[in-house]
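# Structure assessment
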Amino acid sequence: MKKIFCFLFICLGVFAFAQNSSSNKTDEVSVSGKIIESVTNQPLVYATVAFTDLNGKIITGGISDSEGIYKIKVPSGVYKVTFEFIGFKTKTLNNQNLTTDTTLPTVSLEENNELLDEVVVTAETTEVQIRLDKKIYNIGKDLTTAGATVGDALANVPSVTVDAEGAIALRGNGNVRILINGRPSAIAGFGSAEALQSLPAESIERVEVITSPSARYDAEGTAGILNIILKREKVLGLNGSVQVNVQDPIGAGFTGNINLRTRKFNVFNTTSVNTRNSPGRGVVNNQFFSSTVENPLVLETRDFDRNDVGFNTNIGMEYFLTDKTSFTGSFFLSNGKDDDETFNNTNEFDSANNLAVNRIRIEEETEDDNNYQVSLNYITRFNDKGHELTADFQYGIDDQGERALISERNTFPTVELLPTELITIEERADEFLAQIDYVLPIGENAQFEAGYRGNFEETTTDFEVTEQSVLGGVFEIDEGLTNIFTYDEEINAVYTQYGNKFGKFSFLAGLRYEHTRLAGTVGGVSEDNDLVIDFDNSYSGLFPTLNLNYELNDSENITLGYNRRINRPRGRFVNPFPSRSSEANIFQGNPSLNPAFASAFDLGYLKRWGKKVTLTTSVYYQYETDAFERIQEGTDLVTPNGIPIIRTIPINLSTNERIGFEAGVLYNPTDWLRVNGSFNFFQFNSEGAFNGIEYGAKNTSYFSRLSAKVSLPYNIDWQTNAIYRGPTNNAQTETEDILFLNLAFSKDILKGNGTLALSIRDVFNSRKRMSLTNTDTFRSDSEFQFRVRTVNLSFIYRFNQKKEKGGGSRDDNGGDDGF
């Protein structure tokens, strides 16, 4: 490690020195000016200026600063000066005789959605940018996300689904890597979908859906990557916004966003406070086929009430050391406190279907979740053509404490209080990340890139179960469940990639090498415990990537992508000790899990008909070996009340083959109606066995969404989102389809500086997961609703800040590949 960091700092020093060592030409003149937006007269930040000689060769160029001003050294001569900005029409000044220091007239650029190298389509509900290896969705204008969480907002992104429990999937595949600003982060709970439920959607600028990641990105996530880019203003001066919201079921929230930018520094902060009540309900009907089970039919009803209070703040400052070098430091803090109660009503029936036992089980759970993260970023731009060096260092802590007191009583055939159980979980994750990236443009269209990333994480989970042997007695430790599990993960990666463009054809090819060490140790248990299975595994892999693009014409292109990915077993999946979701249902990790590897292909097509219609389609194929699958099986164990215990355990299947098709349409027929629709169809075929039982399965499913936004009189907007997920199945479980609807209305007030919005999520209260599991020993029928219908009223006020609108904006915050 020490050698690695020494090497990184040496590289920083060498490149920083190289930046200052270049000599100036004696025949250069200084050319300056200003670039503004035609409608608002606001400065355009990072607009490009290019100087082309009489032979048609670009001699030099530059970009505008935070005030839209540029000042560029140019060899004296006659030039054509070109001004460009993504999403705006290009403007040219011809035959400029530049022999002395010159100030050119102020240039005003007009918006234009007709782009060549990058397609930007504004559909009001989302802004979509389609690049060589990814699609970028700007969800800032989606009315239904007002007062919502990041998890809710992701449900509106095409190709992404969020199930009733908040689990996120990409193209129907749950093994998706979640990044914040291009890196794993404590802000997202180091990739946990649960952490995203506490973050406000207002903090998001855009979401990058990366189905064919380049070599710059982690190889983790066989489905691909969701890269969430947080907001940061680039406009000079003080600006920001304040949003308050109230909701039913009872909830309220406040989000403040403030930004102060000068020529030397940029200070930014987003802070939110929220409280939510989220009631839900679950029903599980288990039928056991063994003749030794006294009461073979068990009906279990769960009503749960969750009360969450959360605080998040992200504060930082970017300091401009020179006009080409900047240093950014930021600190993220998240505190969450949950008070949850689960009321479990269990009825056991005998073989004649008569009620034999009724039991009430109440679980009172409190959870404290604290996340801290410090991030440092250094960037040097050696010139204005993309030649740059960046370095990132990040340290994060995720500290969770959970306490669950479980009381139980029989109400039939006799009333009897039962012993109480207390479960305590203390978990802490420490993660350190170091990354360095170097980008070198070669000529006009080519680019070389190389870099290193080290990711080091340690997670310790202290799981203690104590219970009374008799009612009112002392709490005694359950040696069979209590344990301390320590998980270590070390990943070192280097990569290189090269891209170029030849006429209408462009490509980006790369290779990434990753070395992984995964280790797990179990402590706090007796030496003769059969579940003590320590492991320490190391393995290496090469992960090639290739992305191709061919422009048939200005409005039509074809893309082809290939990449190799990995899915690493971690945390709960490899902890051999069981954890209980209820008395008769346990989850047990599998220390013998191997990493899964996948090869994925993606063929895409884009067609635009003017500004009104845009069609995007993709056909994708993936072949995965040692794929993970969670299976359920009976055990030889029963609860103290005689109920057989069902175990859920992850296993490696031999293969998982997946093929699919997706299509998206953006349709803007008039100024008052905008429609955005998508459809995804996929089929997977898995093969594999465990404990002599075949778990191979074939499943065909699909999901779609339709969003329409109507502009009404008096500055009122109305948006409707309909989301449908088709039925799915694996070797054991069939899950029914789900259809739900979201509505939202908004009105601009206070001369456009304020907006009132009313949103209803799950209008018909239909977002429920219903599934059926069949095995040789039991049958389980369940219905689960994670959250009921929610009504939200919000008000946002903006100061010195325009309302979010379509159009291109450049952000060096998300790890773009430049192609």
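Residues numbered from 1 in each chain as written. Predicted model: local features only at pLDDT ≥ 70, side-chain atom pairs only at ≥ 80, totals over all residues. Heavy atoms only, no water.

## A look at the overall build of the protein chain
Within the protein chain, the regular secondary structure consists of 3 helices and 49 strands. By residue count, 54% of the 819 residues in the protein chain fall in the buried class. Within the protein chain, contacts between residues separated by at least 24 positions form 67% of all contacts whose residues are at least 6 apart in sequence. Accessible surface, the protein chain: about 35,400 Å² in total, of which carbon and sulfur atoms supply 56%. (Helix = DSSP H or I, 4+ residues; strand = E, 2+ residues; numbered from the N terminus. Buried < 20%, exposed > 50% of the residue type's maximum accessible area, 1.4 Å probe, protein only. Contact = heavy atoms within 4.5 Å. Areas by Shrake-Rupley, 256 points an atom, 1.4 Å probe, with all protein chains shown as cover.)

## Looking at the confidence of the model for the protein chain
Mean pLDDT over the protein chain works out to 81, with 83% of the residues at or above the 70 mark. Residue range residues 1–26 is modelled with pLDDT below 50. Its contacts to residues more than four positions away, or to other chains, number 27 contacts. Confidence drops under pLDDT 50 across residues 804–819; counting only partners more than four residues distant or on other chains, this segment forms 67 contacts. (pLDDT = per-residue confidence, 0-100.)

## Points about a negative patch on the surface
A contiguous patch of negative charge, built from Glu736, Asp737, Asp781 and Glu783, is present on the exposed surface. One can find aspartate 737 in the loop between β44 (733–735) and β45 (738–749). (Patch = residues over 30% accessible without salt bridge, like charges linked within 9 Å, V, L, I, M, F, W, Y side chains within 5 Å. Salt bridge = Lys/Arg side-chain N within 4 Å of Asp/Glu carboxyl O. Lys, Arg positive; Asp, Glu negative; His and termini not counted. Charge placed at Lys NZ, Arg CZ, Asp CG, Glu CD.)

## Points about the pattern of salt bridges
Inspection of the entire model under this criterion finds 23 salt bridges. Here arginine 453 makes a salt bridge to aspartate 218, at a shortest N to O gap of 2.6 Å. Of the two residues, arginine 453 sits in strand β25 (residues 446–468) while aspartate 218 sits in the loop between β15 (204–210) and β16 (224–230), which places them 235 residues apart along the sequence. Given a relative accessible area of 8%, aspartate 218 falls into the buried group.

## A word on the pairing of strand β24 (residues 416–442)
Relative to β24, strand β23 (residues 388–412) runs antiparallel, the two being bridged by 22 bridges. Opposite isoleucine 397, over in β24, you have aspartate 430 as the bridge partner. Between the end of β23 and the start of β24, which pair antiparallel, lie 3 residues. Bridge count between β24 and β25: 22 bridges; the pairing is antiparallel. In the strand pairing of β25, arginine 428 is matched with threonine 460. As consecutive antiparallel partners, β24 and β25 are separated by 3 residues, and within that stretch glycine 443 has a phi angle of approximately 70 degrees, a positive value. (Pairing = 2+ DSSP bridges.)

## Observations concerning the sheet that holds strand β2 (residues 48–52)
The antiparallel open sheet is built from 4 strands, whose spatial order is β3-β2-β5-β6. For this open sheet the edge positions go to β3 (58–63) and β6 (91–98), each flanked by a neighbour on one side alone. Taking the axes of each pair of neighbouring strands and ignoring which way they run, one obtains an average angle of 20 degrees across the sheet. As defined by bridge partners, β2 adjoins β3 across 5 bridges and the pair is classed as antiparallel. Considered in β3, the bridge of threonine 48 is made with isoleucine 63. (Axes fitted to C-alpha atoms, helices over the stretch in contact; angles between N-to-C directions.)

## A word on the nonpolar core
One recurring pattern in soluble globular proteins is that nonpolar side chains are buried together. Ranked by size, the top nonpolar core spans 19 residues in total, and within it Val31, Ile35, Val49, Phe51, Tyr70, Phe83 and Leu109 carry the most contacts. Counting only elements with at least two residues in this core, the list comes to β1 (28–37), β2, β4 (69–75), β5 (77–84) and β8 (107–109). Ignoring sequence-local partners within four residues, the contact set of isoleucine 35 consists of Pro43, Leu44, Ala47, Val49, Ser64, Gly68, Tyr70, Phe83, Val107 and Leu109. Counting residues in each nonpolar core, the second largest holds 18 residues, with Ala155, Val160, Leu170 and Val207 among its members. (Core = buried A, V, L, I, M, F, W, Y, C linked by side-chain atoms within 4.5 Å.)

## A word on a nonpolar patch on the surface
Together, Phe502, Phe505, Tyr550, Leu552, Ile558, Leu560, Leu603, Val619, Phe661, Phe679, Phe681 and Tyr702 make up an exposed nonpolar region whose accessible area comes to about 1,000 Å². Secondary-structure elements contributing two or more residues to the nonpolar patch are β29 (535–553), β30 (556–567) and β38 (673–687). In this fold, isoleucine 558 is placed in strand β30. The partly exposed category is assigned to isoleucine 558, whose relative accessible area is 34%.

## As for the environment of phenylalanine 799
Its place among the elements puts phenylalanine 799 in strand β49 (residues 790–799). Exposure remark for phenylalanine 799: the relative accessible area of 24% places this residue in the partly exposed category. Between the C-alpha atom of phenylalanine 799 and that of glycine 754, which follows or precedes it by 45 residues, the distance is 9.0 Å. In this view, phenylalanine 799 contacts Leu238, Asn239, Gly240, Ser241, Asn257 and Ile258; residues no more than four positions away in its chain are not counted.

## Some remarks on the pairing of β2
Within β2, 4 of the 5 residues are buried, which leaves it mostly tucked inside the rest of the structure. Adjacent in sequence and paired antiparallel, β2 and β3 are bridged by 5 residues, among which glycine 56 carries a positive phi angle near 85 degrees. As judged from the 5 bridges shared by β2 and β5, these two strands associate in the antiparallel manner. Note that in β5 the partner of alanine 50 across the bridge is threonine 82.

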